[in-house]
Amino acid sequence: MAGGYEAPRSLLRRSGLVPTVVGVVLAVVAGVGLYLLVTRGTAAGSGASAEAVADLDPVIELYEALNDSAVDAPDAEKLVDGAIQGMLDQVDDKYARYFPAEAFEDFNDSLDGTFSGVGLMLQEAEGEDAPEGPVIVSVLPETPAAKAGIEEGERIVAVDGEDVSDAPLEHIVAKVKGEPGTTVSLGLAGGDEGRRTLEITRAEFDLPLTTREMLQGDVGYVRLYQFADGAGVQVRLDVRKLVDDGADGIVLDLRNNPGGLLNEAVSVASVFIEDGDIVAVKKRGGERETYGAVDDAFDEVPLVVLVNENSASASEIVAGAVQDVDRGSIVGEATFGKGTVQTIAQLSDGSGAKFTTARYFTPSGDSIEGVGVKPDVKAAVDETEEPVEVEDDPQVDAALDELDQLLEVGG
């Protein structure tokens, strides 16, 4: 049992979908409140009804018939994978997805923080007019990708000469990841340099949770890359250090942060919100579970939260809570707009399936699904310009201006 949920003969872990770290981890962007359900044994053994098991008899019968009589012996693993994918295709759920065993193992590894790969965070493009290839939303510092000069906003369209512009994200991840010291060729598009190809040597590295610095004017700046294990603790340590060093206010940068663990979203919000609700999750049947602030907060320190269109899921929980309880100002651009909850069920062969099981709501009861969190102060960026350092970032400048206003109001 974890966080109030209990499943017969299963282990529950509250989490959210983490950003896809290319060559490192398999995940799907912009999930929130993901429940990781690790089943034990067969469907019957995990508490399924006899009727539900009987419903699977035709599937088993066909599986046996194909194995016994098909003129070309089928691949049993592919038959099972296809049956699982077929079920997910029928649930009218755009977030439903199947993870083969190796991919699911990569997903679990992503929550631990140490990887071997190149160090990019990707977001799948959505919509009919979406560009080809997943978009690079973050280049992690001190990683092979950063050292190679890859830019946020570029797209991966080829890997080792293979066109992957229309390939599933799982396929791209499988091709890019690899052992430290080996190389991978990435075909990129959408950047200032146009289409180009880079040869990158993979390396093992720790996925950073945060970076922090003191900006001019005694403003503490914390960038949170993902809501992985320990994110709340790390943000609290960063804020404590900055306040002790004389910070008059805090800028929390959640741009290009596609999410992570639900409990870490609550923990991060609780660094700034002393009391009250952070988020509510509503399951099928109407039952609603509310998560409130935990631990002491730096609730007197003026706060600005930076967001953009790639801030999703757990990032939106934090931004939505800060905005709803009037704890600080939201600056930047409207967020991604992902307000549903997924469950990942780990199956007995080590594979996993993701599907939507609930919706989440901000403290005021609003859903951000398809809408996002609207900033209090809109600040866009010129996508044609070169990436800039924090001190020259126009959105950071807008956040600092807003923080000045908050400091004046606070006296």
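Residues numbered from 1 in each chain as written. Predicted model: local features only at pLDDT ≥ 70, side-chain atom pairs only at ≥ 80, totals over all residues. Heavy atoms only, no water.

Asker: Explanation requested: helix 6 (residues 169-176) in the structure shown.
Answerer: Think of an α-helix as 3.6 residues a turn; residues three or four steps apart then line up on the same face. Here helix 6 has its buried residues at Leu169, Glu170, Ile172, Val173 and Val176. When helix 6 is viewed along its axis, its buried side chains cluster within an angular range of 160° and face the same direction. (Buried < 20%, exposed > 50% of the residue type's maximum accessible area, 1.4 Å probe, protein only. Helix = DSSP H or I, 4+ residues; strand = E, 2+ residues; numbered from the N terminus. Arc of directions from axis to C-beta.)

Asker: Sorry if this is basic, but what is going on with unusual backbone geometry here?
Answerer: With the exception of glycine, the majority of residues adopt a negative phi angle, and the majority of peptide bonds are in the trans configuration. In this model, aspartate 218 sits at a positive phi of 60°, which is unusual for a non-glycine residue. As for its position among the elements, aspartate 218 is in the loop between strand 13 (210-215) and strand 14 (219-224). One non-glycine residue with positive phi stands out, namely aspartate 326, at about 55°. Looking at the element boundaries, aspartate 326 is found in the loop between helix 9 (314-324) and strand 19 (329-332).

Asker: Looking at this model, I keep getting lost on the pattern of salt bridges. Mind explaining?
Answerer: Opposite charge on two side chains lets them pair, provided their charged atoms get close. All chains considered together, the criterion is met by ten salt bridges. One salt bridge in this structure joins arginine 212 and aspartate 238, with 2.8 Å as the shortest N-O distance. Of this pair, arginine 212 sits in strand 13 while aspartate 238 sits in helix 7 (residues 231-244), placing them 26 residues apart in sequence. Arginine 212 gets classed as partly exposed once you look at its relative accessible area, which sits at 40%. Across the salt bridge formed by glutamate 287 and lysine 283, the nearest N and O atoms sit 3.5 Å from each other. Salt bridges sharing common partners tie together Glu154, Glu193 and Arg196. (Salt bridge = Lys/Arg side-chain N within 4 Å of Asp/Glu carboxyl O.)

Asker: Got a minute to help me understand the packing of aromatic side chains in this structure?
Answerer: The description of an aromatic ring pair uses the distance of the two centres, along with the angle that the planes make with each other. All told, the structure shown has one aromatic pair when counted by the stated rule. Their ring planes at 40° and their centres at 6.4 Å tell us that phenylalanine 99 and phenylalanine 104 sit as a pair that is tilted. The class for phenylalanine 104 is buried, based on a relative accessible area of 1%. If you follow arginine 288 out to its NZ or CZ, it ends over the ring of phenylalanine 361, 4.6 Å from the centre. The ring of tyrosine 95 has lysine 338 sitting right over it, with the charged end atom 4.1 Å from the ring centre. (Phe/Tyr/Trp six-rings, centres within 6.5 Å; stacked < 30°, edge-to-face > 60°. Lys NZ or Arg CZ within 6 Å of the ring centre and 35° of its normal.)

Asker: Mind showing me how you'd approach the pairing of strand 7 (residues 135-139) here?
Answerer: The side chains of a regular strand alternate between both faces of the sheet. A large share of strand 7 lies buried, amounting to five of its five residues. Inspection of the sheet shows strand 6 (residues 120-123) paired to strand 7 by four bridges, in the antiparallel sense. What sits directly across from glutamine 123, in strand 7, is valine 135. (Pairing = 2+ DSSP bridges.)

Asker: How should the side chain of glutamate 154 be read in this particular structure?
Answerer: Along the chain, glutamate 154 turns up in the loop between helix 5 (144-148) and strand 8 (155-159). For glutamate 154, a relative accessible area of 0% translates into the label buried. Among the polar contacts listed, one links the side chain of glutamate 154 to the backbone nitrogen of glutamate 151, at a separation of 2.9 Å. Reaching out from glutamate 154, the side chain makes a polar contact with the side chain of arginine 196 at a distance of 2.8 Å. Residues within four places of glutamate 154 in sequence aside, it is in contact with Pro134, Val135, Ile136, Leu188, Ala189, Gly190, Gly191 and Arg196. (Polar contact = N/O pair within 3.5 Å; in protein donor to acceptor, adjacent residues only side chain to side chain. Contact = heavy atoms within 4.5 Å.)

Asker: Which parts of the structure should I look at to understand the sheet that holds strand 14?
Answerer: As a general point, the strands of a sheet are linked pairwise by backbone hydrogen bonds and lie either parallel or antiparallel. If you walk across this open sheet you meet the six strands as 13-14-15-18-19-22, and the pairing is mixed. Looking at the sheet topology across the chains shown, the edges are occupied by strand 13 and strand 22 (377-378). In this structure, strand 14 lies alongside strand 15 (residues 249-253), joined through five bridges in parallel fashion. Paired with tyrosine 221 across the two strands is valine 251, which belongs to strand 15.

Asker: Mind showing me how you'd approach the packing of helix 8 (residues 262-270) against helix 9 here?
Answerer: Two numbers describe a pair of packed helices, the interaxial angle and the distance between the axes. Where helix 8 contacts helix 9, the axes come no closer than 9 Å and their chain directions differ by 30°. Relative to helix 9, the element helix 8 lies roughly parallel. Where helix 8 crosses over helix 9, the handedness of that crossing is right-handed. Here Leu262, Ala265, Val268 and Ala269 of helix 8 lie close against helix 9, whose contacting residues are Ala314, Ile317 and Val318. When the residues that make up the contact of helix 8 with helix 9 are grouped by side-chain class, the tally is seven nonpolar, no polar and no charged. (Axes fitted to C-alpha atoms, helices over the stretch in contact; angles between N-to-C directions. Parallel < 35°, antiparallel > 145°, perpendicular 65-115°, else oblique. Left-handed = near helix turned anticlockwise from the far one by under 90°. Nonpolar A, V, L, I, M, F, W, Y, C, P; charged D, E, K, R; others polar.)

Asker: Explanation requested: the side chain of asparagine 256 in the structure shown.
Answerer: Considering the arrangement of structural elements, one finds asparagine 256 in the loop between strand 15 and helix 8. At a separation of 3.1 Å, a polar atom in the side chain of asparagine 256 contacts the side chain of glutamate 152.

Asker: Can you help me understand helix 7 in this one?
Answerer: Between its terminal C-alpha atoms helix 7 stretches 20 Å, which fits the 20 Å expected from 14 residues at 1.5 Å a residue. Every buried residue of helix 7 is listed here: Ala231, Gly232, Val235, Asp238, Val239 and Leu242. Projected down its long axis, helix 7 shows its buried positions confined to an angular sector of 125°, all on one face. Exposed and facing more than 90 degrees away from the buried side of helix 7 are Val233 and Asp244. Taken together, the buried residues of helix 7 touch strand 13, strand 14, strand 15 and helix 8. Downstream of helix 7 by a residue or two, glycine 246 has a phi angle that is positive, lying close to 105°. (Expected span 1.5 Å × (residues − 1).)

Asker: What exactly am I supposed to notice about the nonpolar core here?
Answerer: The nonpolar side chains of a soluble globular protein tend to be buried, and buried together. Formed by 42 residues in total, the largest nonpolar core has its most connected members in Leu252 and Val318. At the level of elements, strand 14, helix 7, strand 15, helix 8, strand 16 (277-283), strand 18 (303-307), helix 9 and strand 21 (352-361) are the ones that each hand at least two residues to this core. Ranked by the residues each element gives to this core, the list is headed by helix 9, at six residues. Those residues in contact with valine 318, other than ones at most four positions away along the chain, are Phe227, Leu252, Leu254, Ala265, Val268 and Ala269. In this structure, Ile136, Ala145, Ile150 and Val164 belong to the second largest nonpolar core, which totals 18 residues. (Core = buried A, V, L, I, M, F, W, Y, C linked by side-chain atoms within 4.5 Å.)

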